[in-house]
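Listed below, chain by chain, are the residues.
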Amino acid sequence: SMGLIAWSLIVGRVKPLELSVPILLMLAFFEIATASLFWSSIDARNIDKTARFLVFTSAGFLGAQILSQDERRRERLLHVLVCFRCAILLYYAYYRYFLGVDLTESASSGRVPADANNYLEYNSHASILFIISMCLGVFGSLGGLCVAIVGSAVALFALVTIGGRGPLALALMAIPLLAIL
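In this report, the structure presented in the accompanying data block is examined. (Residues numbered from 1 in each chain as written. Predicted model: local features only at pLDDT ≥ 70, side-chain atom pairs only at ≥ 80, totals over all residues. Heavy atoms only, no water.)

Regarding its fold elements, the chain presents eight helices and zero strands. Traced from its N-terminal end to its C-terminal end, the chain shows the element sequence α-α-α-α-α-α-α-α. A compact globule built from 181 residues should have a C-alpha radius of gyration of about 16 Å, whereas the chain, at 21 Å, is more than 25% larger. Summarising its shape, the C-alpha atoms of the chain cover approximately 50 × 45 × 35 Å along the three principal directions. Residues counted as buried form 24% of the 181 residues belonging to the chain. Taking the average place of the 13 positive charges on the side chains of the chain and the average place of its 11 negative ones, the gap between the two points comes to 2 Å. (Helix = DSSP H or I, 4+ residues; strand = E, 2+ residues; numbered from the N terminus. Rg over C-alpha atoms; globule rule 2.2 N^0.38 Å. Buried < 20%, exposed > 50% of the residue type's maximum accessible area, 1.4 Å probe, protein only. Lys, Arg positive; Asp, Glu negative; His and termini not counted. Charge placed at Lys NZ, Arg CZ, Asp CG, Glu CD.)

Here it is, written out as structure tokens:
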């Protein structure tokens, strides 16, 4: 992904980032994380942790900065997020309703295979879909309101039927927070 971002910058499809306060603060934070190797032990584990932090955090932060520059990119990102969440929840529905595998029963028995699906992961995806749908309903156009209502209803149904109280509580907390905005 960093190669694609670099190529887009070279070709001119993406504007280079301006040196703003958040970017300068993040660069300073990266420098402190790198310098921390010198006052701690320069161990292979510490070098690995620092390298992972720098690669993944910098890619995530700079990618988010580049995506947030253009309104069209932000809309496409939200569309991709919604499509991935819907696809994952459709997979869960197939797994549970067509194959008859209930993930909450295997989790409560204490015998969950290492490669098994986790119902909390699916619940987290439903929670994110619910929050995105609620934001679309509040901040979107009138035409997107119907899509937001259907998306919220489907995500809420998934949250209730999948199980797990944490993501459901998080999703329901979005309602009063959106009322504040």
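That was the structure; now back to the text.
This part covers the state of the cysteines. Under the definition given, this model contains zero disulfides. Just so you know, cysteine 86 is unpaired, no disulfide at all, and the nearest cysteine sulfur is the one on cysteine 83, 6.6 Å from it. A relative accessible area of 33% places cysteine 86 in the partly exposed class. There is no disulfide at cysteine 146, and the cysteine sulfur nearest it, in cysteine 86, is 16 Å away. (Disulfide = S-S within 2.5 Å.)

Before going further, it helps to examine the layout of surface pockets. Of the volumes computed, that of the largest pocket is approximately 540 Å³. Taken together, 19 residues line the largest pocket, and the ones lying closest to its centre are Val82, Ile132, Ser133, Leu136 and Val147. Among the secondary structure elements, those contributing two or more residues to the lining of the largest pocket are helix H4 (71-98), helix H6 (119-139) and helix H7 (143-162). (1 Å grid on protein atoms, 1.4 Å probe; cavity = no way out; pocket = protein on both sides within 12 Å on 5 of 7 lines; lining within 4 Å. Points joined across faces, edges and corners; volume = space filled by probe spheres on them.)

Right, let's get into a nonpolar patch on the surface. On the surface, Tyr91, Tyr94, Tyr97, Phe98, Leu99, Val101 and Phe157 cluster together into a nonpolar patch covering about 780 Å² of accessible area. At four residues, the largest contribution of residues to the nonpolar patch is made by H4. With respect to the secondary-structure elements, valine 101 resides in the loop between H4 and helix H5 (103-109). (Patch = residues over 30% accessible without salt bridge, like charges linked within 9 Å, V, L, I, M, F, W, Y side chains within 5 Å. Areas by Shrake-Rupley, 256 points an atom, 1.4 Å probe, with all protein chains shown as cover. Salt bridge = Lys/Arg side-chain N within 4 Å of Asp/Glu carboxyl O.)

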